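Spelled out, the chains give:
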Amino acid sequence: MKTILITGAAGGIGGHLRRALAGKYKLRLSDRRPIKPLAKGESFVRAELTRLGDLLRATKGVDAVVHLGGYSVEGRWEDIHPANIVGCYNAFEAARRNGVKRFLFASSNHAVGYYRRDEVIDHRVMVRPDSRYGVAKAFGEALGRLYADKYGMQVFCMRIGNVNPAPLDKRRLSIWISPRDMAQLVEIGIEHPEIRFEIVYGVSGNARSWYDNENAFRLGYLPQDDSEVFAQALLAREQPGDPRAETYQGGVFVHAEMIENPAPLPTARRRSAKKRRTVGTAKKATAVSKAKKK
Ligand code: 15L
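Before going into details, it helps to say that this report is about the structure given with it.

Thresholds, definitions, all that
Residues numbered from 1 in each chain as written. Predicted model: local features only at pLDDT ≥ 70, side-chain atom pairs only at ≥ 80, totals over all residues. Heavy atoms only, no water. 1 Å grid on protein atoms, 1.4 Å probe; cavity = no way out; pocket = protein on both sides within 12 Å on 5 of 7 lines; lining within 4 Å. Points joined across faces, edges and corners; volume = space filled by probe spheres on them. Helix = DSSP H or I, 4+ residues; strand = E, 2+ residues; numbered from the N terminus. Nonpolar A, V, L, I, M, F, W, Y, C, P; charged D, E, K, R; others polar. Buried < 20%, exposed > 50% of the residue type's maximum accessible area, 1.4 Å probe, protein only. Pairing = 2+ DSSP bridges. Core = buried A, V, L, I, M, F, W, Y, C linked by side-chain atoms within 4.5 Å. Contact = heavy atoms within 4.5 Å.

### A closer look at the layout of surface pockets
Phase 1: When its volume is computed, the second largest pocket comes out at roughly 180 Å³.
Phase 2: Lining the second largest pocket we find 13 residues, and of these H123, E141, R159, F197 and I199 sit closest to its centre.
Phase 3: Those elements giving two or more residues to the lining of the second largest pocket turn out to be α4 (132-151) and β9 (197-202).
Phase 4: Counting residues per element, the lining of the second largest pocket draws most heavily on α4, which supplies 4 residues.
Phase 5: Class assignment of the residues belonging to the lining of the second largest pocket gives a composition of 6 nonpolar, 2 polar and 5 charged.

If you want it as structure tokens, here you go:
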């Protein structure tokens, strides 16, 4: 049975993949946060993406890497750079030094988020990142191309839309991928014998898709799900959004400077909650003193 390393395994996609791939592979999970409890066939290696040594330990002896780790939304360059630029380099480099040939990279729709919603794009279009986060994903794809051409690594880049049991809003109707379709795509990335360097879109067979996913279909991807079954109920409760976000595929990433990190470390979460409380208290104090002056 193959051993697969999943980086960033404590995150949402990691959780879906662990359930779907259980019994098919030995799963080595890595993250900076501990993962407990572990299921049968799983092991855990703590890894900080900025430490090459951690990734050398994590990638030793595996058959493939599924690199999900990193900062998962738009943020400060000081957060994106170590996690998604340095971290991505370390993951590729550690795999290369350990002779791991197969590398699946979790790229994102945000590498091409500045294409308009009235366009259909395929895997050949030029990147058009909508954020620092998107730029880092484009960097990961370029690094993958280098490692494929220069070192013969077999690299499978998945421009993932949004993985969830159900789409969250109108935009996600076009980019949604169900957990089982995501798992199917990952299995293709691990097993397909002819992968050299590929870009595919990580989306279900959505009727409203903005992607021509021909390259994934060529490799045997047969999505089981289509977001359309959720469309009517979802659109009935949808509120109109910012016109800039509505124009582009990347949505709010095109204008947001920061999006709240869905997976901060517990200490960071405590710090930001404290900051919110402090800001809240300061605002209240200003309002009270203004009211008093009146
Ligand atoms: C992504 O790439 C993010 O990792 C995820 O958190 C979502 O924001 C998703 O894109 C999306 O576009 O909905």
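So that's the structure; there's more coming.
### Here we look at the pairing of strand β1 (residues 3-7)
Phase 1: The buried fraction of β1 is high, at 5 of 5 residues.
Phase 2: Burial along β1 is two-sided: the residues T3, L5 and T7 and I4 and I6 are all buried.
Phase 3: When β1 meets strand β2 (residues 26-31), the two strands line up parallel, connected through 5 bridges. Pairing of T3 across the sheet is with K26, part of β2.
Phase 4: As paired elements, β1 and strand β4 (residues 64-67) share 4 bridges and run parallel to each other. Looking across to β4, one finds that I4 is bridged to A64.

### Here's the deal with the nonpolar core
Phase 1: Formed by 30 residues in total, the largest nonpolar core has its most connected members in I6, L17, V66, F156, M158, M182 and V186.
Phase 2: Top element by residues in this core is helix α6 (residues 179-191). It accounts for 6 residues.
Phase 3: Not counting the four nearest positions on each side in its chain, F156 is found in contact with F103, L104, F105, L185, I188, G189, I195, E198, V200 and L219.
Phase 4: Counting residues in hydrophobic clusters, the runner-up holds 23 residues, among them V62, L143, Y147 and C157.

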